[in-house]
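Structural features, examined
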Amino acid sequence: MGLYPATDGSMPEGIWPVHDQQPDNPAALDHFTTRNGIEFAGTHLIIDLWGARYLDDLSRMESTLRRAVTVAGATLLHIHLHHFTPNGGISGVAVLAESHISVHTWPERDYAAFDIFMCGDAQPELAIPVLEKAFLPESLSINEHLRGVRTGKP
């Protein structure tokens, strides 16, 4: 990963972090995958946790996102979390080379909404047990959508 931060660690305006996509290997640039004969860009999971706990714990959220990324076989580029007051809800995103994991929590309702989108060889479904173990939901729902499936001719 090529980062070009200033000496204080900040990024100069107009300079963005760059993830090395191995430009000498054109096949490395295409992270489409095939499952059951369907070619697609990636798997997008929409996950709702109900009756969940610890939804206002910022350090737990960060460590859980890091663990979910690792277990799913993805590449973490950056995590940004925001802690709301007075209810303590958290909104944030883990930006991945393979896409993202986003989260929005409502601790006053014991509810969390996770959005996991990963392409290539990453396995977003492996992040689900990580979320369950960290937040102990009474119930959860999962919706899967395959992104980038062509339904017509280009």
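Here, every reference points to the structure presented above.
Below you will find a few notes about this structure.

Here is what the cut-offs are and how they apply
Residues numbered from 1 in each chain as written. Predicted model: local features only at pLDDT ≥ 70, side-chain atom pairs only at ≥ 80, totals over all residues. Heavy atoms only, no water. Salt bridge = Lys/Arg side-chain N within 4 Å of Asp/Glu carboxyl O. Buried < 20%, exposed > 50% of the residue type's maximum accessible area, 1.4 Å probe, protein only. Helix = DSSP H or I, 4+ residues; strand = E, 2+ residues; numbered from the N terminus. Pairing = 2+ DSSP bridges. Axes fitted to C-alpha atoms, helices over the stretch in contact; angles between N-to-C directions. Contact = heavy atoms within 4.5 Å. Core = buried A, V, L, I, M, F, W, Y, C linked by side-chain atoms within 4.5 Å.

Moving on, we come to the pattern of salt bridges. Should the charged atoms of two oppositely charged side chains come close, the side chains can pair. Counted under the stated rule, the structure contains two salt bridges. Linking Arg-60 and Asp-57 is a salt bridge whose minimum nitrogen-to-oxygen distance equals 4.0 Å. Note on Arg-60: relative accessible area 26%, which makes it partly exposed. A salt bridge links Glu-62 to Arg-66; the shortest N-O distance between them is 2.9 Å. One end of the pair is Glu-62 and the other is Arg-66, both in helix H1 (residues 58-72) and four residues apart, which spans about a single turn. Note on Arg-66: relative accessible area 39%, which makes it partly exposed.

Turning to the sheet that holds strand S5 (residues 90-96), a few remarks are in order. Sheet architecture is open: six strands sit in the order S4-S5-S6-S7-S3-S8, paired in antiparallel fashion. The open sheet is flanked by strand S4 (76-83) and strand S8 (139-147), the only strands paired with a single partner. Taken over all neighbouring pairs, the strand axes of this sheet differ in orientation by 10° on average, direction set aside. For strand S3 (residues 42-50) and S8, the ladder comprises nine bridges, and the chain directions are antiparallel. Along S8, the bridge assignment pairs Leu-45 with Glu-144. Along the sheet, helix H2 (residues 128-135) contacts S3, strand S7 (111-119) and S8; its crossing angle with S3, the most-contacted strand, is approximately 20°.

Within the largest apolar cluster, 29 residues are counted, with the highest numbers of intra-cluster contacts made by Ile-47, Met-61, Ile-101, Phe-114, Ile-116, Met-118 and Phe-135. At the level of elements, S3, H1, S4, S5, strand S6 (99-106), S7 and H2 are the ones that each hand at least two residues to this core. The residues touching Phe-114, leaving out its near neighbours within four places in the chain, are Leu-45, Ile-46, Ile-47, Leu-49, Met-61, Leu-65, Ile-101, Ser-102, Val-103, Leu-131 and Phe-135.

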